[in-house]
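Results of the structural survey
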Amino acid sequence: MTQARLVVALMLAISTGCASQGLDTSIPLQFPSQCNRDQFFNSASLRCQACGSNQHRSPSGLACTCDRGFTMMNLGSPVVQCSPCNGTVSHDKRRCLRCTEAEGDCQCGTGQTRVESLTNLTASCFTCSPDTLGIPASPICGLCRDSFYKVTGLCHCPDAQLTGGVCFTSTDAASVPGSVPQDSVWFKTYLDSSLLGCLDYNNLTACQLLANMVALAAGRADSKAVHLYQLAASHQPPLPFLPRLYPSTGTPAFPRGLTFRSNEQLPLMLASYSASGQLVGWEDVSGGILQLCPDTQSRLNTAYLFGTTFRQSCSISVQELLIKYPEPVFHQLFLRHTDSDGTLMVWPVPTQSHFPESGTTVHSIQRFFLVDGLTGRADSLMSPPRSVHYLSSLMFSVRIPTSSPGATPALQLSLQYRTASVADNTSVLVSFAVAYSMDEAAMQLATTISVVVLSVLSLLVTLLETSSWSRRSGQHTLNFTALQLIHLLVVQLSIDIFLIDWERPHKPRASGPSAPLSGLVAFTAPAAPSAWRRLLVANEWNELQAVRRVSPVLQLLAALLLLQVVGLVNMATRDFRLNLHTGGDDLSSLDSPILRYGIITSVWLGLGLLQLLIYHLLYERCVEDKVRQFVDLCSISNVSVFVLMHRCYGYYIHGRSVHGNADVSIETLRNNLRNEEEDRCAQRGLEPHSDTQVFEVALTERVCQQLNRVTLPLTELNERRHGDRAESQTQAARVSHNMNTLLSLFLQHSLKDMDYIVKDKLALERILKYEFQQPTERSVLYKDPDGTVFGEVLYYGKELLLLIFDTLLFCVIDMASQDIVLAAVLTYTVQQVLDIIRFRVSRRNLSSKTLVDQCFLI
């Protein structure tokens, strides 16, 4: 019993598992046009289904009808009931009638109609009068066609004069050479008759039909439809009902005084016509009438907001195009406006059609269509088409300003058509776009003039900087390759820096007896100055080299916050909408690269300048001023700093203590600082009664040669690279002593042939960073009252250059990737790499120039 229950449970589990998988409920996709003659389309099952015996498909394709010779009983079922009839079937196919004629079949001839009596179930033929004609499936006689009666006076027309179902006196006017679409029933039937009806009868529908034919066949080389239209357009007197398809020569004048506001709906209207030439009516472009790609109504209508750049593309199957447009609908685009008198007017928008597959040139035809499945019908007008002509690209262009757009029309519609085979059932790519542009001739001229002027100014500045570099480097000829050497890192990482220690050996002091029994008092040698002061100054300079007034991390975070989170970068679209956040049904317009670059640059530079302003106004005053604090440190340490940015140009920080010694106790140091604060001692400046401690230095050639002569032994030792370490240290100590002595004597005016003068720099010299007088006999020390000019050899003095470099780096990465976050990450990475290189190389340079071993640099 237990085993049986187990088996039953297992079977239920298996059946439940199978049921849970579900069945495939997909059905084949079929269309009514795909059903055979003996099938109808079942709207319930959405499939083609066979009709009954003696039945065939009805004209609608959704039901069946009886064959000839059978009566029909229709109770609402698509499959009707058919019964054979030995006589004549009535017009409504519901009764079987007996023919009273001798022939017995009641097949009435020309000029006759069949009269039926449903009471007696009989039928007979009745002869119509000469000016009337029997109406098929009708018991009455009707007037014959007007064209037949007008030409022949009868109800028949000779074949030579009959075309398109219309009778004409002569068809010679349509005998114009030209090409027509191959195997097209539509063109073979109605092309010639449309011209003749327009010419002979002023038939409005025929004239409109001829215009439609031109729009369909304009892409063909030597198109007959175009030739026929030109023949009609040249007719004298002018045909009153022939539509105007081709604009006059020259740029059409835009309505005077018509302007648009930002995000205003463009008042565009369409005059629409059916394939047969009937006027459908006026339509508004909203609702996606001209857009083949499906989308929400709000997004489709956004395309016509003034200033909105719109682009839409999609892939759509040929069958979908035929379902949406079984017959072509023709349009002409107009702009609605009001004239000065308040009258409502429409202005035809210039339209250009291009057919790239036929290789023809662009045609300026006002009338256009979206999908043409009519031309490709070869067997009959009811048969499905073999090919489809479709609008692959629609571009609506707006030229700004619309009041004076230049040689191009203010508004223009550009169309591009292609052909696809229906049998392949392929998908085709279609696009719709709205673009805004402006006449750039004036801007290009202004840009050219600006570039020329700025180029000349740049050349002059380059010559000036090169001349300044040549003077400061001790070269007397201009060398343009030197521009490559004036690079921020190269200059700052190769400076010459010397520390001048003003501390003198301490006075000898007596010591205790050297031996208890000697009875003599010994004196020690003078104590050497402490090395810690030089090490302290060197370490502070090492830390000061990479100090920046703009925090890179804060700059990146603030830029990400404004551009990405707040969404300022979304303002770079090519339209007038200022949506900071896009999403949902909002249109994502294309970005303008120039506008995006401008927004990012403005944000980055604005944040950088804001940081500089805060640094100067708040940080330096309320927190710390590292540059000026370094000058104070030099004064307390009794150590001066001599920096050569170029061979004969540099900076001098006067750090000689006014108290004579710096190796003192903490109490003495406090007293010294108190004396300075209370102005009870000399001032710190290089000159008497002066506080100026920082100078720009322009050396004579003799001083430069003397400095090179002092450092030459150490340079030769470093070039050998291999040698005794003890010898290197001894040589370094000797060079350090000689350099300290030389610079001390030089600054104290103790060398007659190497003297200097102190003067103020002219304002123009400060602006141009160029010394008008080159020192020849005496060196020149230019005063710097601000005390920060030596920041030129630090990041501190090149902050603007670094900010511009970071801005360009960030913008270039963003332009390549279109990703703000990626640009921020890569910019930060590059900054860190440069900082590491700057720190390591400058640390090594500082050690080699100040002769302070790297092991003492923190």
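Residues numbered from 1 in each chain as written. Predicted model: local features only at pLDDT ≥ 70, side-chain atom pairs only at ≥ 80, totals over all residues. Heavy atoms only, no water.

Once that is clear, we can look at the state of the cysteines. On inspection of all chains with the given rule, the structure shows 7 disulfides. At a sulfur-sulfur separation of 2.0 Å, the disulfide partner of Cys 66 is Cys 82. Residues Cys 66 and Cys 82 are joined by a disulfide whose S-S torsion is about -95 degrees; by sign, that bridge is left-handed. One end of the pair, Cys 66, is in strand S4 (residues 64–66); the other, Cys 82, is in strand S6 (residues 81–84), with 16 residues separating them in the sequence. The partner cysteine of Cys 157 in its disulfide is Cys 167, sulfur to sulfur 2.0 Å. Across the disulfide from Cys 157 to Cys 167, rotation about the S-S bond amounts to roughly 75 degrees, and the bridge is consequently right-handed. Placement of Cys 157 in the loop between helix H2 (146–152) and strand S13 (162–163) and of Cys 167 in strand S14 (residues 166–167) is noted, with a sequence separation of 10 residues between them. (Disulfide = S-S within 2.5 Å. Helix = DSSP H or I, 4+ residues; strand = E, 2+ residues; numbered from the N terminus.)

With the rule as written, the count across this model stands at 25 salt bridges. The closest approach of N and O atoms between Lys 783 and Glu 687, which form a salt bridge, is 3.4 Å. Within this pair, whereas Lys 783 is found in strand S33 (residues 779–783), its partner Glu 687 is found in the loop between helix H14 (666–677) and strand S31 (694–698), the two being separated by 96 residues in sequence. Residues joined by salt bridges that share partners form a network here, namely Glu 620, Asp 625, Arg 628 and Asp 786. (Salt bridge = Lys/Arg side-chain N within 4 Å of Asp/Glu carboxyl O.)

A few words on helix H18 (residues 799–817). Between its terminal C-alpha atoms H18 stretches 27 Å, which fits the 27 Å expected from 19 residues at 1.5 Å a residue. Glu 799, Leu 802, Leu 803, Asp 806, Thr 807, Leu 809, Phe 810, Cys 811, Ile 813 and Asp 814 are the residues of H18 that are buried. Of the residues flanking the end of H18, it is Gln 818, one or two places downstream, whose phi is positive at about 55 degrees. (Expected span 1.5 Å × (residues − 1). Buried < 20%, exposed > 50% of the residue type's maximum accessible area, 1.4 Å probe, protein only.)

Here we take up the environment of Met 395. Structurally, Met 395 can be placed in strand S23 (residues 387–400). Taking C-alpha positions, Met 395 is 10.0 Å from Thr 351, a pair spaced 44 residues apart along the chain. Setting aside its immediate chain neighbours within four residues, Met 395 contacts Arg 311, Gln 412, Leu 413, Ser 414, Ala 433, Val 434 and Ala 435. (Contact = heavy atoms within 4.5 Å.)

As a further point, take the sheet that holds strand S29 (residues 639–646). Spatially, 6 strands are ordered S26-S29-S30-S31-S33-S32 in an open sheet, and the strand pairing comes out mixed. This sheet does not close on itself; its edge strands, each paired only once, are strand S26 (496–501) and strand S32 (756–759). Across the sheet, the mean angle separating the axes of adjacent strands is 25 degrees when strand polarity is ignored. Against the sheet, helix H10 (residues 532–544) makes contact with S26, S29 and strand S30 (649–653), and its axis sits at roughly 150 degrees relative to S26, the strand it touches most. (Pairing = 2+ DSSP bridges. Axes fitted to C-alpha atoms, helices over the stretch in contact; angles between N-to-C directions.)

Here the focus is empty space enclosed by the protein. All told, the structure shown has 3 cavities of 30 Å³ or more when counted by the stated rule. For the largest cavity, the lining is made up of 14 residues, of which Ser 635, Ile 636, Ser 657, His 659 and Leu 669 are closest to its centre. Those elements that provide at least two residues to the lining of the largest cavity are helix H13 (626–637) and H14. Looking at which element gives the most residues to the lining of the largest cavity, the answer is H14, with 4 residues. (1 Å grid on protein atoms, 1.4 Å probe; cavity = no way out; pocket = protein on both sides within 12 Å on 5 of 7 lines; lining within 4 Å. Points joined across faces, edges and corners; volume = space filled by probe spheres on them.)

On the surface, Leu 445, Ile 449, Val 452, Val 453, Leu 454, Val 456, Leu 457 and Leu 460 cluster together to form a nonpolar patch covering roughly 740 Å² of accessible area. Tracing the backbone shows Ile 449 in helix H8 (residues 441–472). (Patch = residues over 30% accessible without salt bridge, like charges linked within 9 Å, V, L, I, M, F, W, Y side chains within 5 Å. Areas by Shrake-Rupley, 256 points an atom, 1.4 Å probe, with all protein chains shown as cover.)

Now for helix H12 (residues 593–623). Residue Tyr 615 marks the point of greatest curvature in H12, where the axis turns by about 45 degrees. For H12, every residue scored as buried is listed here: Arg 596, Ile 599, Ile 600, Thr 601, Val 603, Trp 604, Leu 607, Gly 608, Gln 611, Leu 612, Tyr 615 and Glu 620. Looking at the buried positions of H12, the neighbouring elements they touch are helix H11 (552–565), H13, H18 and helix H19 (820–850). (Bend = angle between axes of the 7 residues up to and from the residue.)

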